[in-house]
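Spelled out, the chains give:
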2 protein chains.
Amino acid sequence: MPLMPSWIEAANAPDCPFPLNNLPCGVFSVAGGPRHCGVAIGDRILDVTAMEKAELISLADRPVLDKPEWNAVMALGPAAWERLRHLLIGFLRAKSDLQTTIEPYLHPLASAEMYMPFSVAEYTDFYASKQHATNVGTMFRGKDNALPPNWLHIPIGYNGRASSVVVSGTDVFRPWGQLKGPQDDAPRFAPCERFDFELEMGAVVGTPSRYGRPVTLAEADAMIFGYVLLNDWSARDIQAWEYQPLGPFQSKATATTISPWIVTRAALEPFRVDAPEREVPLLPYLQDSGPMHYNIELEVELTPQGGAPKVISRTNFRELYYSAAQQLAHHTSAGGPMRAGDLLGSGTVSGDTRESRGSLLELSWGGKEPLDLGSGVSRSFLQDNDRVTLRGLARGDGYTIGFGDCSGTLRPAIAPPWPAA
Amino acid sequence: MPLMPSWIEAANAPDCPFPLNNLPCGVFSVAGGPRHCGVAIGDRILDVTAMEKAELISLADRPVLDKPEWNAVMALGPAAWERLRHLLIGFLRAKSDLQTTIEPYLHPLASAEMYMPFSVAEYTDFYASKQHATNVGTMFRGKDNALPPNWLHIPIGYNGRASSVVVSGTDVFRPWGQLKGPQDDAPRFAPCERFDFELEMGAVVGTPSRYGRPVTLAEADAMIFGYVLLNDWSARDIQAWEYQPLGPFQSKATATTISPWIVTRAALEPFRVDAPEREVPLLPYLQDSGPMHYNIELEVELTPQGGAPKVISRTNFRELYYSAAQQLAHHTSAGGPMRAGDLLGSGTVSGDTRESRGSLLELSWGGKEPLDLGSGVSRSFLQDNDRVTLRGLARGDGYTIGFGDCSGTLRPAIAPPWPAA
């Protein structure tokens, strides 16, 4: 599919992340005003909350854009999503005769403050990159036990903490936690010393499913409203001590940062690609009948305080062994219902080369091979005031689909509210 | 503290679970009417939603009992909870001169339909019984690795699935999942063959905490609104194959059943007891300065289809090594915020004897010693149409505090929506 031209000129530049083909969903405010739902187009944001109020958009027999979150739209399901996209394309396409009608609802992107685009119902994090699982497994359990025996059969995942999902730009505080080195007799309670990022994508569930009723893979694919960039900040030392036998808990509880824009599944349709070859056959409930992965280029940029930004990893969402649809189908297999706003982290996206690893744990190989940032600066793990930015883009025929930066700065640990050790 | 007499005579019987000392919080309807918040007293329910509307109760500058959930009241914090309790005691105590005013807001308990008492923000399940952890660890990992090295230092927990928490009386469907025996070459997808209950209590968080701001143990204790009975249904075969390395996922996703009544922390104050002796000193952030455990007698009843109910386990909430306050303080230690309606499962409550084990896995020792139910009936794990009922009570001076039955029936696995194997 080629670029769809818009009367908003900036949207037609081949490297603009928000062409008419994209129309990602966010929540914004301008000049201290109220939070509204908005859609990015070129260098502007279209205020769809105000448009619904003015009856230029109608998706249901009640307002669904009146709250500063996209959940109500998501819950309407794919037909309504398609209708909204069709309406917006009609308003914004080149030669539309609605230009003067729409103009008052546009705001400069540069002056907008962005918020969480949706209310996260629940957050689940998966582990879908074979390269990442192998790297981490090698460091935590040795080369011979690197990939768990279930990994090629199950899209392994665990429930995370929805309340700590934050939007790009939110500061992250270095967590306190129980730390115990292999030589220590007992744990101590101290600020994390091995704090890390994880480069992920997040799938946002739109259509709910029913209690006791698993969904098929095709149904799961259709339930997904869109995708965000996702940084699952991780405390490696807390994790190493706590994670047996019930999995990561406080090591993943500090924050998870997402991009301000949800790129809809419709916008990503042209970028579907086949899954990697299966090393062992998947069970029938996980077998895909068509391409359910996406070709999305990803990068991580690290900026030390006062230093220059440096891209430290480049990889691609298509590297994953399991698609979000497979993860979602598996998620419902035991009968637990999904809700509008459930967020599924893909798992860290790591490629085959050192330069394509999606975490510092892997890039510095557990701290043994510090990563050179130039100018005499290196990193094994994050230092206070480091800024981490994830970017993602899909390259179309004369256009680019972007998510906006997914960025967060690590601030020092807070003064402890607890009694001293 | 002795019984507080009420003008509702049934509330004064020593074995009535709902004396004036209790006043537990639920959501109910009568005769197909709307769902309202209610408080149990004797053999009646007091409709506090209707009382707030009639301005007999006012807790904030806006309605907080107008939705069929207690979350808005919880979020007001301990001063409002105390105020509500004080008001209700004034209305319902013996010799109150408000009897004729209150009478219209009372409904027979027997005619009420009960619903989820609150909207579960997020659900976390802990692992706080040393006996349970030792039993399960012995079966899953052998006697020498039974208790993980971190267990005596960390209140081990993992994030569960809030969307599958259901109220007592809701049917539970035997889940499908990946099963793989130790001798099998590959997993198969089939209905769970080792489905189990877990006897737990749940702590309901009332007061929220802030992003990036851990709370002290004393603050955590004060944040807890009340307690429910909780059955964390578990698929042992799914769990055995899936849980490494990131913990239980679909094995715990089918359903978690809670009692219809939240017993408030205030009602349980007289039943506080000290923690068991610590085998190794806890880190300062987890050290309690007073009694934070509770003396609550617990039992599990199993009823086969068409058979007689049989109590198969009797234990006590005080058996746990970690209190809910310790679990909550730990839960915030890495900075993730808590919200009104967060539910913290205690972990299976098992005592020292076989008769006090809180799951079939332990009662039948992994199926090796089937549990005799009499009349030639035995169980290793649950069979279709078995009903499991949890009960809890605290015995006061001439009165009893109850939670209502926490009950669920296991229904057969549904016909598969997936392609055949």
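Refer to the structure presented above.
Residues numbered from 1 in each chain as written. Chains lettered and ligands numbered in written order. Predicted model: local features only at pLDDT ≥ 70, side-chain atom pairs only at ≥ 80, totals over all residues. Heavy atoms only, no water.

Our next topic: the interface of chain A and chain B. If you look at the interface, chain A gives 72 residues, while chain B gives 72 residues. For the pair chain A and chain B, the summed buried area comes to about 6400 Å², and 62% of that belongs to carbon and sulfur atoms. One salt bridge connects R161(A) with D342(B), and the closest N-O pair in it is separated by 2.7 Å. The interface formed by chain A and chain B holds 30 residue pairs in polar contact (both at pLDDT 80 or more) in total. Put simply, the parts of the chain that give the side of chain A that touches chain B at least two residues each are β6 (123-126), β7 (157-159), β9 (172-173), β10 (176-179), β11 (188-191), α7 (236-242) and α9 (324-332) of chain A. Of the residues that constitute the side of chain A that touches chain B, the class distribution is 41 nonpolar, 22 polar and 9 charged. (Contact = heavy atoms within 4.5 Å. Buried area = accessible area lost by both parts, 1.4 Å probe. Salt bridge = Lys/Arg side-chain N within 4 Å of Asp/Glu carboxyl O. Polar contact = N/O pair within 3.5 Å; in protein donor to acceptor, adjacent residues only side chain to side chain. Helix = DSSP H or I, 4+ residues; strand = E, 2+ residues; numbered from the N terminus. Nonpolar A, V, L, I, M, F, W, Y, C, P; charged D, E, K, R; others polar.)

With that settled, consider the pattern of salt bridges. Evaluation of the coordinates by the stated rule reveals 50 salt bridges over all chains. We note a salt bridge from R265(B) to E269(B), for which the minimum N-O separation is 3.9 Å. Note on R265(B): relative accessible area 14%, which makes it buried. Residue classification places E269(B) among the partly exposed residues on the basis of a relative accessible area of 35%. Of the charged contacts, one joins R395(B) and E297(B) as a salt bridge, the two residues approaching to 2.8 Å between their closest N and O atoms. Taken together, the residues R395(B) in strand β25 (residues 387-395) and E297(B) in strand β20 (residues 297-303) connect sequence positions 98 residues apart. Using a relative accessible area of 55% as the deciding quantity, one classes R395(B) as exposed. By sharing partners, the salt bridges in this structure join D196(A), E198(A), D232(A), R236(A) and K252(A) into a single network. (Buried < 20%, exposed > 50% of the residue type's maximum accessible area, 1.4 Å probe, protein only.)

This part takes up the sheet that holds strand β4 (residues 106-108) of chain B. All names here are of chain B. Taking strand neighbours across the sheet as the criterion, the 5 strands line up as β4-β3-β2-β1-β5 in an open arrangement whose pairing is antiparallel. Each edge of the open sheet is held by one strand with a lone partner, namely β4 and β5 (112-115). Strand after strand, the sheet turns through a mean of 50° between neighbouring axes, direction not considered. In terms of strand pairing, strand β1 (residues 25-30) meets strand β2 (residues 36-41) through 4 bridges, oriented antiparallel. In the sheet register, F28 faces β2, and the bridge partner there is H36. (Pairing = 2+ DSSP bridges. Axes fitted to C-alpha atoms, helices over the stretch in contact; angles between N-to-C directions.)

Here we come to the sheet that holds strand β5 (residues 112-115) of chain A. All names here are of chain A. Taken in spatial order, the 5 strands line up as β4-β3-β2-β1-β5 in an open sheet, and their pairing is antiparallel. Each having just a single partner strand, β4 (106-108) and β5 make up the two edges of the open sheet. Averaged over neighbouring strand pairs, the angle between their axes works out to 50° when direction is ignored. Taken together, the 4 bridges between strand β1 (residues 25-30) and β5 define a ladder with antiparallel strand orientation. Each bridged residue has a counterpart across the sheet, and for F28 the counterpart in β5 is M114.

With that settled, the discussion passes to unusual backbone geometry. Of note, the amide linkage connecting Q244(A) to P245(A) takes the cis form, showing an omega dihedral of 5°. Mapped onto the fold, P245(A) is located in the loop between α7 and β16 (256-258). Of note in this structure, N385(A) is not a glycine but carries a positive phi near 70°. With respect to the secondary-structure elements, N385(A) resides in the loop between β24 (377-379) and β25 (387-395). Phi is positive for E55(B), close to 65°, though the residue is something other than glycine. Positionally, E55(B) belongs in the loop between α1 (48-53) and α2 (71-76).

Residue and element names in this part refer to chain B. Within the secondary structure, K180 is located in the loop between β10 (176-179) and β11 (188-191). Considered as a pair, K180 and D237 are 57 residues apart in the sequence and their alpha carbons are 7.6 Å apart. Among all residues touching K180, those that are not within four sequence positions of it are D185, A186, P187 and W241. There is a polar contact of 3.2 Å between the side chain of K180 and the backbone oxygen of D184.

These figures capture arrangement, not role.
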